[in-house]
Amino acid sequence: MTRAAHAAEPSELLRKAAIGSPATVDHSAWDRLLKQYVKTGADGINRVDYAAFKKGGQSQLKEYIHALEATDLASLDRPEQFALLANLYNAKTVDIVLNRYPIASIKDISLGGSLFASLTGGPWKAKVLHLKGVELSLDDIEHGILRPVFKDPRVHYAVNCASVGCPNLQPEAFTGARLSEQLDVAARAYINHPRGAAVAEGHLVISSIYNWFKADFGTSDDNVMRHLKAYADAPLLNQLKSVMAITGYDYDWSLNDIKR
């Protein structure tokens, strides 16, 4: 009964935090794997060398995931909790892709979890993790914990769904000590890339993320625009100032694989 209750309310895992605790989590293994297998292309998109990762790094990845699953979240401060969950989400996503690689899109992977999941594809609703004995899906981490607990729109720049249209999988692990800085860097990189926001002939097309999760960015188009402008560099910012409305949304579900 206890497990079922916690599984139904994932945010209960973060009900407690050791505010001010100096405890940290060792993400060095994930950091090394990211630096080895994630490469930034000339187009500004970070892609994963899944073929090489599958051959040389997946066993280390699984060990890292198991170590995070055994961590006591309640012993950590809030930034450390966020960093752990974002890294765990991203590491497990890569692991799931590697298990089925080669594939064209993560949406080609269906692990069950619900009738809706079987219809739409993707592994997000399947219970694929055990955090301190609680079964969790990737959706539980993103939508059941990170979004409602932290209420920070930069969550969307932290979790990576292995797709070209998604904010980059960063080539370094998130850490509690540098979390806010890392999230700002990730937000700026995405918003200033055409898949985040692109203006052409006065028309603004932005990522579907800002439509799917508009509530996280202030519920209205005006607030989404304010968010974009807060991270836009000069070239994009000047274009946004001349745009009256959001014209459309776009998203590319192609796997963020190294092109050969």
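Note: the structure precedes this text.
All values derive from a computational prediction rather than experimental measurement.

Chemist: Explain the packing of helix α2 (residues 28-37) against helix α4 (residues 58-69) to me, please; I cannot follow it from the model alone.
Modeler: Each pair of packed helices can be summarised by the angle the axes make with each other and by the distance between the axes. Where α2 meets α4, the axes come as close as 9 Å, and the angle between the chain directions of the two elements is 150°. Crossing angle aside, the handedness with which α2 passes α4 is left-handed. For the pair α2 and α4, contact is made by A29, W30 and L33 and by Q60, L61 and Y64, respectively. Each residue belonging to the contact of α2 with α4 can be placed in one class, and the counts come to five nonpolar, one polar and no charged.

Chemist: Teacher, can you tell me more about the environment of G44 here?
Modeler: Within the secondary structure, G44 sits in the loop between β1 (38-40) and β2 (46-48). You can call G44 partly exposed: its relative accessible area is 28%.

Chemist: What should I look at first to understand the pairing of strand β5 (residues 197-200) in this one?
Modeler: Working note: regular strand, side chains alternate between the two faces of the sheet. Burial along β5 is one-sided: A197 and V199 are buried, while A198 and A200, pointing the other way, are not. Across four bridges, β5 lies against strand β6 (residues 203-207) in antiparallel orientation. Within the sheet, the bridge partner assigned to A200 lies in β6 and is H203. If you look at the hairpin formed by β5 and β6, you'll find two residues sitting between the two strands, and E201 has a positive phi there, around 50°.

Chemist: What am I meant to see in the packing of helix α5 (residues 78-100) against helix α7 (residues 138-150) here?
Modeler: Where α5 meets α7, the axes come as close as 10 Å, and the angle between the chain directions of the two elements is 160°. As summarised for this structure, α5 and α7 are arranged roughly antiparallel, according to the angle between their axes. Remark: the crossing between α5 and α7 carries left-handed chirality. Here α5 contributes R78, Q81, F82, L85, A86, L88, Y89, K92, T93 and I96 to the contact with α7, which in turn contributes L138, I141, E142, I145, L146, V149 and F150. Among the residues making up the contact of α5 with α7, the classes are represented as 12 nonpolar, two polar and three charged.

Conventions adopted
- Residues numbered from 1 in each chain as written.
- Predicted model: local features only at pLDDT ≥ 70, side-chain atom pairs only at ≥ 80, totals over all residues.
- Heavy atoms only, no water.
- Axes fitted to C-alpha atoms, helices over the stretch in contact; angles between N-to-C directions.
- Helix = DSSP H or I, 4+ residues; strand = E, 2+ residues; numbered from the N terminus.
- Left-handed = near helix turned anticlockwise from the far one by under 90°.
- Contact = heavy atoms within 4.5 Å.
- Nonpolar A, V, L, I, M, F, W, Y, C, P; charged D, E, K, R; others polar.
- Buried < 20%, exposed > 50% of the residue type's maximum accessible area, 1.4 Å probe, protein only.
- Pairing = 2+ DSSP bridges.
- Parallel < 35°, antiparallel > 145°, perpendicular 65-115°, else oblique.

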